[in-house]
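Now for the letters of each chain:
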Amino acid sequence: MSLVLFAVCFAVPVARAASGGAAGPGEAGGLQPMLLVALVAMLVVAKVCGEIAERLGQAPVLGELVGGIILGNLVLFGFTAAEPLKTDTVIAALAELGV
């Protein structure tokens, strides 16, 4: 439930900015909607894999790590749409916060 609330809280302001509300026409205030979709996807995969690991008797963080490894290597399965996210500065900054 909190994940849905998180997605709504961040998706609505970005949608308004993208439609020309707070930012200039054609600008999303520096935050791209596709980036938010990617962040939500990462959180969902991490939580689902953490839940699976917990049901298997392992620590949830182990499942979250496995989910991250799977997402990071999607190019091996032929999915290349997420490759630009590897060099995104916002994702890099959020990753540094986690470290």
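Please refer to the structure placed before this passage.
Residues numbered from 1 in each chain as written. Predicted model: local features only at pLDDT ≥ 70, side-chain atom pairs only at ≥ 80, totals over all residues. Heavy atoms only, no water.

The helix and strand inventory of the chain stands at four helices and zero strands. Taken from the N to the C terminus, the helices and strands of the chain come in the order α-α-α-α. For the chain, buried positions account for 17% of its 99 residues. Counting only contacts in the chain whose residues sit at least 6 apart along the sequence, the fraction spanning at least 24 positions is 41%. Of the accessible surface of the chain, which amounts to about 7,100 Å², a share of 71% is contributed by carbon and sulfur atoms. (Helix = DSSP H or I, 4+ residues; strand = E, 2+ residues; numbered from the N terminus. Buried < 20%, exposed > 50% of the residue type's maximum accessible area, 1.4 Å probe, protein only. Contact = heavy atoms within 4.5 Å. Areas by Shrake-Rupley, 256 points an atom, 1.4 Å probe, with all protein chains shown as cover.)

Interaxial distance between helix α2 (residues 33-55) and helix α4 (residues 89-98) falls to 11 Å at its minimum, and their mutual angle equals 35°. In this structure, α2 meets α4 at a crossing whose hand is right-handed. Between α2 and α4, the residues in contact are L35, L39 and M42 and V90, I91 and L94, respectively. Looking at the contact of α2 with α4 residue by residue, the classes come out as six nonpolar, no polar and no charged. (Axes fitted to C-alpha atoms, helices over the stretch in contact; angles between N-to-C directions. Left-handed = near helix turned anticlockwise from the far one by under 90°. Nonpolar A, V, L, I, M, F, W, Y, C, P; charged D, E, K, R; others polar.)

This brings us to a nonpolar patch on the surface. A surface patch of nonpolar side chains, about 790 Å² in accessible area, is lined by V61, L62, L65, V66, I70, V75, L76 and F77. Note on placement: V66 falls in helix α3 (residues 60-72). (Patch = residues over 30% accessible without salt bridge, like charges linked within 9 Å, V, L, I, M, F, W, Y side chains within 5 Å. Salt bridge = Lys/Arg side-chain N within 4 Å of Asp/Glu carboxyl O.)

Shape descriptors only; they carry no functional weight alone.
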